[in-house]
Amino acid sequence: GGKSGSHARSMGEEGRQRIREYIAAGGSYVGTCAGAYIASSGSYRSTGPKFSDVYWGVWPGWAQSTRLLKSSTDMDIPRKSPLLRYFDFGGDKTVARVRHNGGCSAYEGKESKLPKGTEVLARYIFDNTDKVQIDGKASVWAYKANEQSGRVILCGSHPESVTEGERLEFMSAMMLYAMDG
């Protein structure tokens, strides 16, 4: 978590390049919140895309801020999501109350469709407010550049610290799908 740009800059170009090489050679990656931003090519803002020379670009799309702080979201697991290979999430294919603090969604706007090869693994379920419009947006997505590369899985929320229940299964399913890729 934290500020993704600061984390990325602290690695230096050599560190960022090592991550890119690791994934290109078959290593997989799961990133949550700042880890999702840092793996993208940049962030999308109301003024358009902002490419970042310090982000890794291992997912060639843009992350978009949810503008949602200190809250939680529910996740809808689409019926074709590979996460369902591992768990059924209580039979209703939803995961409730996943911690969220300043995370992102995959940008799916007019100017850009999701990059070819991107799979949406889950979508936000969130009662819209005037400030936050994230209901139905991609909350977890995967990308695999080619058969030789590893799989990148990005999540805009924080399921990583839970120790039981469906939220643990949710994080476990992401890890298992990454390892299978």
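Residues numbered from 1 in each chain as written. Predicted model: local features only at pLDDT ≥ 70, side-chain atom pairs only at ≥ 80, totals over all residues. Heavy atoms only, no water.

**Considering the nonpolar core**
Argument step 1. With 22 residues, the main nonpolar core has Leu83, Val140, Ile153, Phe170 and Met174 as its most contacted residues.
Argument step 2. Listing elements by their share of this core, those giving two or more residues are β6 (94-100), β8 (118-125), β9 (138-143), β10 (152-155) and α3 (165-180).
Argument step 3. Looking at this core, the element that brings in the most residues is α3, giving six residues.
Argument step 4. Setting aside chain neighbours within four positions, we find Val140 in contact with Glu119, Val120, Leu121, Ala122, Ile153, Leu154, Cys155, Phe170 and Met174. (Core = buried A, V, L, I, M, F, W, Y, C linked by side-chain atoms within 4.5 Å. Buried < 20%, exposed > 50% of the residue type's maximum accessible area, 1.4 Å probe, protein only. Helix = DSSP H or I, 4+ residues; strand = E, 2+ residues; numbered from the N terminus. Contact = heavy atoms within 4.5 Å.)

**Comments concerning the sheet that holds β10**
Argument step 1. The strand order β1-β10-β9-β8-β5-β6 describes an open sheet built from six strands, whose pairing is mixed. Each having just a single partner strand, β1 (29-32) and β6 make up the two edges of the open sheet. If you compare each strand with its neighbour and ignore which way they point, the axes differ by 25 degrees on average.
Argument step 2. Sheet analysis places β9 next to β10, joined by four bridges and oriented antiparallel. The residue bridging Val140 from the neighbouring strand is Cys155, located in β10.
Argument step 3. Lying on the sheet, α3 is in contact with β1, β5 (71-76), β6, β8, β9 and β10; it crosses β6 at an angle near 90 degrees. (Pairing = 2+ DSSP bridges. Axes fitted to C-alpha atoms, helices over the stretch in contact; angles between N-to-C directions.)

**What about the environment of Ser81?**
Argument step 1. Mapped onto the secondary structure, Ser81 falls in the loop between β5 and β6.
Argument step 2. Through-space distance from the C-alpha of Ser81 to that of Ser28 is 18 Å; in sequence the pair is 53 residues apart.

**Focus on helix α1 (residues 4-24)**
Argument step 1. Between its terminal C-alpha atoms α1 stretches only 21 Å, short of the 30 Å expected from 21 residues at 1.5 Å a residue.
Argument step 2. Maximal helix bending in α1 amounts to about 105 degrees, located at Gly12.
Argument step 3. Of all the residues in α1, the buried ones are Ser4, Gly5, Ala8, Gly15, Arg16 and Ile23.
Argument step 4. Where α1 is buried, its residues touch β1, α2 (34-39) and β10.
Argument step 5. Just downstream of α1 lies Gly26, where phi reads positive at about 115 degrees. (Expected span 1.5 Å × (residues − 1). Bend = angle between axes of the 7 residues up to and from the residue.)

**Concerning the packing of aromatic side chains**
Argument step 1. Counted according to the given criterion, the structure contains seven aromatic pairs.
Argument step 2. Judged by centre distance (3.7 Å) and plane angle (15 degrees), the ring pair of Tyr44 and Tyr107 falls under stacked. With Tyr44 in strand β2 (residues 42-45) and Tyr107 in the loop between β7 (104-106) and β8, this residue pair connects regions lying 63 residues apart in the sequence. Across this residue pair, the class does not change: Tyr44 and Tyr107 are buried.
Argument step 3. Seen from their ring centres, Phe89 and Phe170 are 6.3 Å apart, and the 80 degrees between their planes marks the pair as edge-to-face. A residue pair is termed long-range when its members are at least 10 positions apart, and Phe89 in the loop between β5 and β6 and Phe170 in helix α3 qualify at 81 residues. Like Phe170, Phe89 is buried. (Phe/Tyr/Trp six-rings, centres within 6.5 Å; stacked < 30°, edge-to-face > 60°.)

**Brief notes about the environment of Arg123**
Argument step 1. Within the secondary structure, Arg123 sits in strand β8.
Argument step 2. Excluding its chain neighbours within four sequence positions, the residues that come into contact with Arg123 are Asp74, Met75, Asp76, Glu108, Gly136, Lys137, Ala138 and Ser139.
Argument step 3. Engagement of the side chain of Arg123 in a polar contact is seen with the side chain of Glu108, the distance being 3.0 Å.
Argument step 4. A distance of 2.9 Å separates the side chain of Arg123 from the backbone oxygen of Gly136, its partner in a polar contact. (Polar contact = N/O pair within 3.5 Å; in protein donor to acceptor, adjacent residues only side chain to side chain.)

Geometric values such as these leave the question of function open.
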